[in-house]
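# Topology and contacts: notes
Listed here are the chains, written in short residue letters.
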Amino acid sequence: MKKLIYITLILGLIVNLSSCSDFLDQSSPSDLTADEYLSNPENARGALSGAYETWRASNIHSNGLFYELSVCSSDAEKHPEKYTDQDRHIPENLYDGGTESWNIDHYKDPYVNAYNIIAVCNKLITNYEATEMYRNEWMAEDATPTKLSEIYGEAVTLRATMYFELCRYYGDVPHQYTSLEVDTVLTSRDYIYEYHINKLKTVIPIMYRPGKEGTTALTMNRSYAEGLLGRMCLYAGGYATRRTDLPADFYSDLDGNTISFNKIGNEYSGGVYTRRTDYKKFYEIAKTYLEDCVNNSGTVRLVNSDPRGEIADGYGNPFQYVFQQMLNLNTSSESLYEIEETQGEQTERPYAFGRPSGGGSSNNFPCKNYGQSRMHPTFYYGDYDPEDLRRDVTVAVTASTGQGRETLLSFVPGNKTLGGLSNNKWDENRMNPPYYQAKRQAGVNNPYMRMSDVILMLAEVYAELGDEAAAKAELKKVRSRAFAPDMQQEKVENYINGLSGTDLVDAILDERKLEFAGEGIRKWDMIRNGKFPEMITNLKQNLAKMVSELKTQGYATFDNGNELPAYVWTKMVDAQANNKYGNRLTTQCTDQNDPVLFPGWRGQYNDWENIAGPGIGAKYNDDYKTNVAIKGLFRYIDPNGSEAAELEADGYERQRWGADIVGTKIAAEGDIEVTDFSDEYSSYIYKGYVEGNAPIYLIPINYQTLSTSAATNGYGFSQETN
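Report follows, based on the coordinates.

## Digging into the state of the cysteines
According to the stated counting rule, one finds 0 disulfides in the structure shown. Distance from the sulfur of Cys233, which forms no disulfide, to the nearest cysteine sulfur (Cys293) is 13 Å. Since its relative accessible area comes to 0%, Cys233 is described here as buried.

Structure (structure tokens):
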């Protein structure tokens with residue numbers, strides 16, 4: 001894919017982004033005058049393209065805050081390595097040992113990049129708002145979009161997106177919303193949310209939806225702006241940890257009124273976990289715009305059918321098709337907005353957020369994929385209904401060796417083929433053709449907002465406002481595509497029809513957990529709904545139970561009937577032999593009793609041997625046993641019993657599975673050395689959380705910003721660099 005291109009020189013203000021205090025100096029003149037912006041939309045588009053490129057290449061999202069604090073921090077998602085191996089595990093797990101010693105410059109770059117983007121947007125917005133066209137045409141009640149108003153709307157939406165990111169990660173930050181004045185004091189996130197919600201309302205009518213006038217989901221458009229407005233409303237009306245060291249009137253609304261809050265738990269480390277008492281007004285606002293987004297979304301749609309075929313054909317999984325479109329280097333039909341990437345330049349999918357590979361840096365099959373995005377065993381084994389079509393698409397139990405073969409993942413902490421269960425939504429084996437030339441350059445886009453997110457946010461809003469029938473209808477849209485046609489009555493209709501009250505809200509949040517695992521949404525859903533402390537407590541209890549059962553009985557049990565065994569049995573097979581399968585298994589499982597097919601969406605690309613030309617690729621030497629057949633993945637097989645003996649007589653080998661979590665071994669393994677990693681999978685998770693107290697999940701503002709502005713840190717963070 002082609003990333004956004006610079007059409008003209010962007011603002012002189014941001015040509016050099018080297019200073020972390022650039023955002024404080026926004027009054028410098030632009031290289032372009034207001035007339036030049038207005039006379040040619042390409043001039044304004046060029047300036048905005050520079051901001052988009054900073055957003056794409058920065059570490060605000062993807063390889064940065066998302067990578068360290070969102071995609072690995074919930075009751076679904078975790079990191080792959082030992083707790084002590086990476087500094088980033090400290091804030092991810094809520095600051096074991098306290099916040100004072102944390103280096104406040106660790107997250108300096110994303111903060112600076114966000115304000116540099118804001119500076120560009122402010123310059124464009126200020127220029128446009130000084131014109132008669134803005135006052136007399138764009139703000140009229142009957143205003144319609146134009147190419148110029150679309151660019152203006154995108155600038156407002158991109159700026160709002162940056163403040164959304166800043167507020168959810170840093171909390172209260174300086175609010176700069178014009179290029180004519182500089183405000184370096186802290187502003188409450190409540191004020192910031194309200195300001196940008198109201199601003200988005202004014203630009204949405206003058207923006208194009210995807211499919212209109214060449215508009216796509218690769219730029220911020222009307223449908224995304226409505227989804228963003230709804231998302232910001234849920235955060236504005238949600239719980240968050242707020243500072244206790246600021247003046248009583250600091251948390252105020254746009255009219256200057258001091259906000260009152262409801263509190264959960266105790267004050268801790270200068271923070272208190274609260275929600276504004278007037279939160280429902282934000283749900284009412286969200287309802288209007290999320291409804292409009294769902295009902296009038298342009299060319300964006302919920303993908304509820306699979307154009308490739310039915311389950312009997314090895315497809316029939318519309319959920320997987322959403323991500324397959326991205327792997328095909330197309331914009332997904334379900335994306336309201338994707339951050340566009342370029343093949344051959346650094347991209348994080350699948351490298352960090354997909355199925356791992358043990359390959360090297362270049363010309364491997366596939367190349368190294370680190371696998372930052374991992375899943376808790378309790379989530380994979382305990383949360384998914386065994387018939388849910390999303391499970392195997394979302395979670396991988398196998399990786400690639402990097403030499404065209406499949407291998408079982410290991411629960412031993414580490415990366416690549418170590419590190420436990422991984423994200424499976426993106427996998428170079430499923431690209432067409434796969435990218436093998438270099439690691440971290442596959443060029444797969446970043447899906448920043450999907451239609452299923454908007455639909456489930458709307459379901460949540462309806463439920464909170466008491467319209468349960470409407471909430472169920474929206475929930476049904478998303479859940480129905482997760483089950484085969486013959487299971488709709490039992491798994492969808494009967495399940496949803498029996499829900500009411502808090503059970504309905506919880507079911508919507510659970511559906512979001514299943515839908516967006518590996519996309520870094522779950523943690524924030526729990527925070528804003530006041531359920532983050534409860535989530536942590538339940539997760540730690542479930543992990544402790546899993547560890548105890550693995551140690552005492554050799555397998556862990558789950559309410560859905562699944563068992564996580566200490567051992568599984570595998571053997572390598574030729575997936576193409578006798579034309580039984582037709583390819584090396586990157587499709588939907590058609591027979592759960594087939595150890596090669598089940599679980600689905602794994603295996604290997606079917607022609608790694610000739611990927612670069614005849615005979616140029618993976619070297620098999622006539623050994624085409626490239627795929628792993630697995631027995632006993634979801635049920636305990638006694639390693640000393642007759643079934644295990646029969647499997648081993650049939651060529652299967654016993655593999656350590658849950659045993660690597662707890663360091664157990666059977667007598668037949670002799671004197672092999674094993675390590676107990678129980679703490680990595682239980683007590684180290686959210687190690688810094690003190691039950692009953694406010695969770696400190698936020699991060700500090702960097703030292704140079706503190707030293708050149710009136711901003712301060714809270715939550716026990718230092719005011720000085722460490």
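Picking up where we left off.
## Thoughts on the layout of surface pockets
Of the volumes computed, that of the largest pocket is approximately 850 Å³. If you go around the largest pocket, you meet 31 residues; those closest to its centre are Asp75, Asp383, Asp510, Lys513 and Asn542. Taken together, the elements giving at least two residues each to the lining of the largest pocket come down to α12 (377-382), α17 (501-516), α18 (522-528), α19 (532-553) and β14 (555-557). Take the lining of the largest pocket: its biggest share by element is 7 residues, from α19. Split by residue class, the lining of the largest pocket holds 11 nonpolar, 6 polar and 14 charged.

## Let's talk about the pairing of strand β5 (residues 261-268)
Here 5 bridges tie β5 to strand β6 (residues 271-276), and the two strands are oriented antiparallel to one another. Across the sheet, the residue bridging to Phe261 is Arg276, located in β6. Linking β5 to β6, which pair antiparallel, is a turn of 2 residues; within it Ser269 sits at a positive phi near 50 degrees.

## Digging into empty space enclosed by the protein
For the coordinates displayed, the defined rule picks out 9 cavities of 30 Å³ or more. Surrounding the largest cavity, 24 residues form its lining, Arg231, Tyr448, Asp453, Glu519 and Ile521 being those nearest its centre. Among the secondary structure elements, those contributing two or more residues to the lining of the largest cavity are α7 (147-170), α9 (222-236), β13 (446-450), α14 (451-464), α17 and α18. When residues of the lining of the largest cavity are assigned to their parent elements, the largest contribution, 5 residues, is made by β13. Tallied by class, residues from the lining of the largest cavity come to 11 nonpolar, 3 polar and 10 charged. Reported here for the second largest cavity is a volume of approximately 100 Å³. Every residue along the wall of the second largest cavity is listed here: Cys167, Arg168, Arg189, Tyr193, Tyr235, Tyr239, Ala240, Trp524, Ile527, Arg528 and Tyr697. Mapped onto the lining of the second largest cavity, the elements with two or more residues apiece are α7, α8 (189-203) and α18. Tallying contributions element by element places α18 first for the lining of the second largest cavity, with 3 residues.

## Examining helix α5 (residues 108-129)
Here α5 is 22 residues long and its end C-alpha atoms lie 31 Å apart, about the 32 Å a rise of 1.5 Å per residue gives. Of all the 22 residues making up α5, 19 are buried; the element is thus mostly covered by neighbouring parts of the structure.

Cut-offs and rules
Residues numbered from 1 in each chain as written. Predicted model: local features only at pLDDT ≥ 70, side-chain atom pairs only at ≥ 80, totals over all residues. Heavy atoms only, no water. Disulfide = S-S within 2.5 Å. Buried < 20%, exposed > 50% of the residue type's maximum accessible area, 1.4 Å probe, protein only. 1 Å grid on protein atoms, 1.4 Å probe; cavity = no way out; pocket = protein on both sides within 12 Å on 5 of 7 lines; lining within 4 Å. Points joined across faces, edges and corners; volume = space filled by probe spheres on them. Helix = DSSP H or I, 4+ residues; strand = E, 2+ residues; numbered from the N terminus. Nonpolar A, V, L, I, M, F, W, Y, C, P; charged D, E, K, R; others polar. Pairing = 2+ DSSP bridges. Expected span 1.5 Å × (residues − 1).

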